[in-house]
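Coordinate inspection notes
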Amino acid sequence: MKKRFICLLLAVCAVSTTACGKTTAEPTINTSTDTKDSTNNQKITFDYYELDDGTLEIQGYDNKDKVKIVEIPDTIDGKKVSVLNLGLFRSNEVVEEIILPESLKIIEDQAFFGATALRKLEINGVETVDDQCIYSCPKLKEVRFSEGLKELGEWAVVNCENLTDIYLPSTLETIDEYNFDLCADGLKIHVPKGSNTAKLVNDVVANLEYNVQVVEEWENLMDVEKLRQELERLEIPENTYSILTGGFPSETLCLVYEDKWKIYYSEHGRRTYEKK
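Here the structure is a predicted model, which means the values were calculated and not measured.

Right, let's talk about the overall build of the protein chain for a bit. When helices and strands are tallied, the protein chain shows 2 helices and 24 strands. Within the protein chain, buried positions represent 46% of all 276 residues. By sequence separation, contacts in the protein chain at least 24 residues apart represent 45% of the contacts at least 6 residues apart. When the accessible surface of the protein chain is split by element, carbon and sulfur atoms take 45% of a total near 14,400 Å².

This paragraph deals with unusual backbone geometry. At glutamine 110, a residue that is not glycine, the phi angle is positive and equals roughly 60°. Structurally, the position occupied by glutamine 110 is in the loop between β10 (106-107) and β11 (120-122). One non-glycine residue, leucine 182, lies in positive phi territory at about 60°.

For the rest of this paragraph, the subject is the nonpolar core. Counting 55 residues, the largest nonpolar core has Phe112, Ile134, Phe145, Leu168 and Phe180 as the members making the most contacts within it. Elements represented by at least two residues in this core include exactly β4 (43-50), β5 (56-62), β8 (79-84), β19 (187-192) and α1 (196-205). When residues of this core are assigned to their parent elements, the largest contribution, 5 residues, is made by α1. Look past the residues within four positions of phenylalanine 112 in its chain and what remains in contact with it is Leu84, Phe89, Ile98, Leu100, Ile107, Leu118, Leu121, Cys133, Ile134, Tyr135 and Cys137.

What follows concerns the pairing of β4. Most of β4 is tucked away: 6 of the 8 residues are buried. As paired elements, β4 and β5 share 6 bridges and run antiparallel to each other. Across the sheet, residue tyrosine 48 finds its bridge partner in β5, namely isoleucine 58.

For the rest of this paragraph, the subject is α1. Every buried residue belonging to α1 is among Thr197, Ala198, Leu200, Val201, Val204 and Val205, and all of these are buried. The arc that holds the buried residues of α1, viewed along the axis, is 165°, so those residues lie on one side.

Before going further, it helps to spend a moment on the side chain of aspartate 165. Tracing the backbone shows aspartate 165 in strand β17 (residues 165-167). Buried and unpaired, aspartate 165 has lysine 188 as its nearest opposite-charge partner, separated by 5.5 Å. Reaching out from aspartate 165, the side chain makes a polar contact with the side chain of threonine 164 at a distance of 2.9 Å. Not counting chain neighbours up to four residues away, the residues in contact with aspartate 165 comprise Lys141, Glu142, Val143, Leu187, Lys188 and His190.

The rules behind each value
- Residues numbered from 1 in each chain as written.
- Predicted model: local features only at pLDDT ≥ 70, side-chain atom pairs only at ≥ 80, totals over all residues.
- Heavy atoms only, no water.
- Helix = DSSP H or I, 4+ residues; strand = E, 2+ residues; numbered from the N terminus.
- Buried < 20%, exposed > 50% of the residue type's maximum accessible area, 1.4 Å probe, protein only.
- Contact = heavy atoms within 4.5 Å.
- Areas by Shrake-Rupley, 256 points an atom, 1.4 Å probe, with all protein chains shown as cover.
- Core = buried A, V, L, I, M, F, W, Y, C linked by side-chain atoms within 4.5 Å.
- Pairing = 2+ DSSP bridges.
- Arc of directions from axis to C-beta.
- Lys, Arg positive; Asp, Glu negative; His and termini not counted.
- Salt bridge = Lys/Arg side-chain N within 4 Å of Asp/Glu carboxyl O.
- Polar contact = N/O pair within 3.5 Å; in protein donor to acceptor, adjacent residues only side chain to side chain.

Read these as spatial facts, not as claims about activity.
And the structure:
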């Protein structure tokens, strides 16, 4: 008996599309229809199968109700969704927004290749974005990757003519050199200041022939109260630190003295160490 997992989504009608990736094995494909909201009678049916580690890979989908906003479920029948199959939304002309769950770890090749209606892509928890994933998506203007992203494959983000801003986390370990080309003129790639990600991106951008800006930014901007809360979370006693204003650069700075180290915390999320 096939498993059913129903997904009712807030969306407007457009054209129906079905995408299904190929596999080298012959897995048992289950059909699921996720129930999210009962205010609309719109459904999207996912095909999936179980991987060796007990998590699930979304193999394909049926969008006969022409759903425009698609949320990939975090779990199906109590099992985590960890992989999007290759080409899942390839050449899709319907879906305008895709929300990915934090359980997702891998987006396989060409997952959003030529998704011409795609305007918003919410990426959570992903570690690997494979080759040609975000490729030729003309309506996409911004892409934000969350902390935990480790790898951007070959041409992972390329040829999106209106893409003006890409936000990358500090956790990146590998970026293929064939990335960020043929996007909007003046594309801004936002990276954490002083991070390995910043170095990796600058190396890639150096090979591009058009205007791309690497914007280094401080992470986790917080006010004094949030800074106090963070110190409390770290179990640093109040009598061991002081909070000053006018640190570098023009920020609130906290000095913590611990044995042989002087530790600086800042409202910009910086933490540096100096021997006393």
